[in-house]
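For reference, the chains in residue letters:
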Amino acid sequence: MGLELYLDLLSQPCRSIYIFARSNNIPFEFKHVELFKDSVLGKKPAAGSGAEQPRAGPSNSEGTGKVSLLKKVPALKDGDFTLAECTAILLYLSRKYNTPDHWYPSDIQQRARVDEYLSWHHTNIRANAPKTMWIKVLIPLFTGQPLPSEKLQEVMEGLSTSLKHFEERFLQDKAFIIGSEISLADLVAIVELMQPVGVGCDIFEDRPRLREWRRRVEDAVGKELFFQAHEMILNIKELSNIQIDPQLKEQLAPVLMKMLK
């Protein structure tokens, strides 16, 4: 059996793995998993501008539990070997398929810089950027009412602080986080920062250094692949027009409301 990747491109970590595998011509079978099975987020998006639809085919949500003990995506199955967690999967793929050195450099200090960013990322960029989607789309979708504008402002202030640190500490005056070429650090960062963009919070607009970095990342992986991977997230606002089953609302609304307290 060949390599199988269980992904939902609504998820930032899934997008990083998808882009990495495609841009490095790693052969794999795309196993579509619905993060919110039986909910509105489990519906497949309409076909876009002619780009290949990687979500085509039946959902593999049930099968994910057999691949990942954590029962979440992303998940990898390579023969009898299974693996969870985004960073672990990215490193496994880079080592097994001997991808170009710039992704995860053999130089110990350059590699340490990638590790440094990946460690910082989880409690900074990842701790703030995804909340924009929850506030502007997902929680109102399930609760039937918008959250106070102060909640979004609070999240955006936290994200602004993280972006300032990102630019000053990691990006500085370099083309990419660790130098002149793209690395796993850039890939993990960009997919996270596209989450606010998808719900109308253009964090790149007033940050020219960050905007140019985004452009370089898109060019490095290929614009067509980049926007194919982000097609669903950039159309996420269309979900607000879909009705949700009342029972599902009752089950999930209290949980979602607690997430941002």
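Residues numbered from 1 in each chain as written. Predicted model: local features only at pLDDT ≥ 70, side-chain atom pairs only at ≥ 80, totals over all residues. Heavy atoms only, no water.

Under an unreviewed UniProt entry, the protein chain has the name glutathione transferase and belongs to Erythrocercus mccallii. Among the UniProt annotations of the protein chain, the heading Subcellular location (unreviewed entry) holds the following wording: "Cytoplasm". According to UniProt, the comment filed for the protein chain under the heading Catalytic activity (unreviewed entry) is "RX + glutathione = an S-substituted glutathione + a halide anion + H(+)". (UniProt positions renumbered as here; feature names shortened; annotations may be inferred.)

Caption draft 1: The arrangement of the pattern of salt bridges in detail. Scanning the model with the defined rule gives 13 salt bridges in all. Between Lys31 and Glu29 there is a salt bridge, with its nearest N and O atoms 3.1 Å apart. The exposure class assigned to Lys31 is buried, which follows from its relative accessible area of 14%. A salt bridge links Lys223 to Asp219; the nearest nitrogen and oxygen atoms lie 3.6 Å apart. (Salt bridge = Lys/Arg side-chain N within 4 Å of Asp/Glu carboxyl O. Buried < 20%, exposed > 50% of the residue type's maximum accessible area, 1.4 Å probe, protein only.)

Caption draft 2: Structural view of the packing of aromatic side chains. For the structure shown, the criterion picks out ten aromatic pairs. An aromatic cluster of three or more residues is present, and its members are Tyr117, Trp120, Phe166, Phe170 and Trp213. Of note, Arg214 hangs over the ring of Phe204, and the distance from its end group to the ring centre comes to 5.0 Å. (Phe/Tyr/Trp six-rings, centres within 6.5 Å; stacked < 30°, edge-to-face > 60°. Lys NZ or Arg CZ within 6 Å of the ring centre and 35° of its normal.)

Caption draft 3: Focus on the pairing of strand 4 (residues 81–84). Relative to strand 4, strand 3 (residues 75–78) runs antiparallel, the two sharing four bridges. Bridging from a neighbouring strand, Leu76 pairs with Leu83 of strand 4. (Pairing = 2+ DSSP bridges. Helix = DSSP H or I, 4+ residues; strand = E, 2+ residues; numbered from the N terminus.)

Caption draft 4: Broad picture of the sheet that holds strand 2 (residues 29–32). Strand order in the open sheet formed by four strands is 2-1-3-4, and the pairing between neighbours is mixed. Pairing within the sheet leaves two strands with one partner each, and these edge strands are strand 2 and strand 4. Strand after strand, the sheet turns through a mean of 20 degrees between neighbouring axes, direction not considered. Bridge count for strand 1 (residues 3–7) against strand 3 is four bridges, and the pairing is antiparallel. When the sheet's bridge partners are listed, Leu5 is paired in strand 3 with Leu76. Strand contacts of helix 1 (residues 12–23): strand 1 and strand 2, with the helix running at about 145 degrees to strand 1, the strand carrying the most contacts. Packed onto the sheet, helix 3 (residues 86–96) meets strand 1, strand 3 and strand 4 and runs at close to 135 degrees relative to strand 4. (Axes fitted to C-alpha atoms, helices over the stretch in contact; angles between N-to-C directions. Contact = heavy atoms within 4.5 Å.)

Caption draft 5: Molecular detail of unusual backbone geometry. The phi dihedral of Asn98 is positive, around 50 degrees, even though this residue is not glycine. Within the fold, Asn98 resides in the loop between helix 3 and helix 4 (108–121). Its identity is not glycine, yet Gln172 carries a phi of approximately 50 degrees, on the positive side. Relative to the elements of secondary structure, Gln172 occurs in the loop between helix 7 (149–171) and helix 8 (184–198). Residue Gln172 is classed as partly exposed on the basis of its relative accessible area of 37%.

Caption draft 6: The arrangement of the confidence of the model for the protein chain in detail. With 79% of its residues at a pLDDT of 70 or more, the protein chain has an overall mean of 84. At the low end of the mean pLDDT range in the protein chain sits helix 2 (residues 61–67), at 50; at the high end sits helix 9 (residues 208–221), at 98. In the model, residues 38–58 has pLDDT below 50 throughout and makes 47 contacts with residues more than four positions away in sequence or in other chains. (pLDDT = per-residue confidence, 0-100.)

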